[in-house]
Amino acid sequence: MRKVRNVTCLLSAIFRRAISSRALRNHQSILVVPLCEGLAVHLPPHFEDATKNLEVYFSAESQHFLGRRHSLPPTRRAEYARQQKLDYLDQVLQMHTTRTEIQIAIYLFALEVCLGLSTATSSARALLDLGCGSMHALAPIRSVLESNSVFSTGIDLPSSSLPGDGSNRIHCDLIKRQPPVVPVRDACMDLILSISFLQWLTSYTMKATYPAKAIIGDIARILRPGGQCVIQFYPLTNDELELTCKCLVNTKPRLAGCRILARPVPNRGVKIFLYVQRTSV
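Overview of the structure. (Residues numbered from 1 in each chain as written. Predicted model: local features only at pLDDT ≥ 70, side-chain atom pairs only at ≥ 80, totals over all residues. Heavy atoms only, no water.)

Residue placement: Arg263 occurs in the loop between β8 (255-262) and β9 (271-278). A polar contact of 2.7 Å, which involves the side chain of Arg263, links it to the backbone oxygen of Pro266. (Helix = DSSP H or I, 4+ residues; strand = E, 2+ residues; numbered from the N terminus. Polar contact = N/O pair within 3.5 Å; in protein donor to acceptor, adjacent residues only side chain to side chain.)

Attention shifts here to the pattern of salt bridges. In this structure the tally under the stated criterion is four salt bridges. When the shortest N-O distance is used, the salt bridge between Arg221 and Asp186 registers 2.7 Å. Here Asp186 lies in the loop between β5 (168-171) and β6 (189-195) and Arg221 lies in helix α7 (residues 212-222), a separation of 35 residues in the sequence. Look at Arg221 and you get buried, because its relative accessible area is 19%. Using a relative accessible area of 48% as the deciding quantity, one classes Asp186 as partly exposed. (Salt bridge = Lys/Arg side-chain N within 4 Å of Asp/Glu carboxyl O. Buried < 20%, exposed > 50% of the residue type's maximum accessible area, 1.4 Å probe, protein only.)

Looking now at the nonpolar core. Within the largest apolar cluster, 41 residues are counted, with the highest numbers of intra-cluster contacts made by Leu128, Leu130, Leu174, Val182, Ile192, Ile215 and Leu274. For this core, the elements supplying multiple residues, two or more each, are β1 (29-34), β3 (125-130), β6, α7, β7 (223-232), α8 (238-250), β8 and β9. For Leu128, the residues in contact, after removing those within four places along its chain, are Thr153, Ile155, Val182, Val184, Met189, Leu191, Ile192, Leu193 and Ile222. With 32 residues, the next largest nonpolar core counts Ile30, Ala110, Ile195 and Cys258 among its residues. (Core = buried A, V, L, I, M, F, W, Y, C linked by side-chain atoms within 4.5 Å. Contact = heavy atoms within 4.5 Å.)

Turning our eyes to something else, we now look at helix α5 (residues 139-147). It helps to recall that an α-helix has 3.6 residues per turn; residues three or four apart then point in one direction. Listing the buried residues of α5 in full gives Ile141, Val144 and Leu145. Taken end-on, α5 shows its buried residues confined to a sector of 95 degrees, consistent with a single buried face. Pointing more than 90 degrees away from the buried face of α5 are the exposed residues Glu146 and Ser147. Residues of α5 that are buried in the fold lie against α4 (99-114), β3 and β4 (150-156). (Arc of directions from axis to C-beta.)

Right, here's the structure in full:
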């Protein structure tokens, strides 16, 4: 019996990897899985329209493993996924893909595909960006926000090196603050973004306290009923990814959502987007 069970587990793992490999073979395909094992997938409201030009694959398995495990905490917004061997053309393309271009692609995927801002109505909405940097100053992102009547507020460290982007900005250190981590009132935001930031709160060196749990609780608190949030980050291990998803599922007010795995940048690795929507008052 044990041998049969082991074979079944092995086949299941191979099947998961086969799905991931097929679904994410290019930047025009995405994979949608539950936030946690055994849960239903809760899709964004405009997901069908936003992905009509993409190949969408679904899997009931939530555990699609990271390509490799980092041995050190993150020191920059870097790739975590295993990089496949690139041919010469891809190497040339990679040299001309700057970090800013990568961040723009990730932001646009989160805004247009996950939050549906490419297809949504023109009703005004409030957006909060956790760890915003200077991204809102960039024309592609500013254009999406303005064309959808989105009033954006960013939170990040004060820095003279960050150019002014004309948006509202709250200066604070989200990593060192005590709960409530985010200095924003309850149920005031329609949309929340967190791009390439949460890994600073999920590093295994801080696992005993897991400060990401506090900021996830704040996300649920700040969202209005029906409000949506997208988190993209670089977990060091699968344990950190699973723990983050469990925090999202177990927080109150209740959140429901899914994991969206995609390659917004053609010659870069797979990115993990955690989508959630506040489902309770």
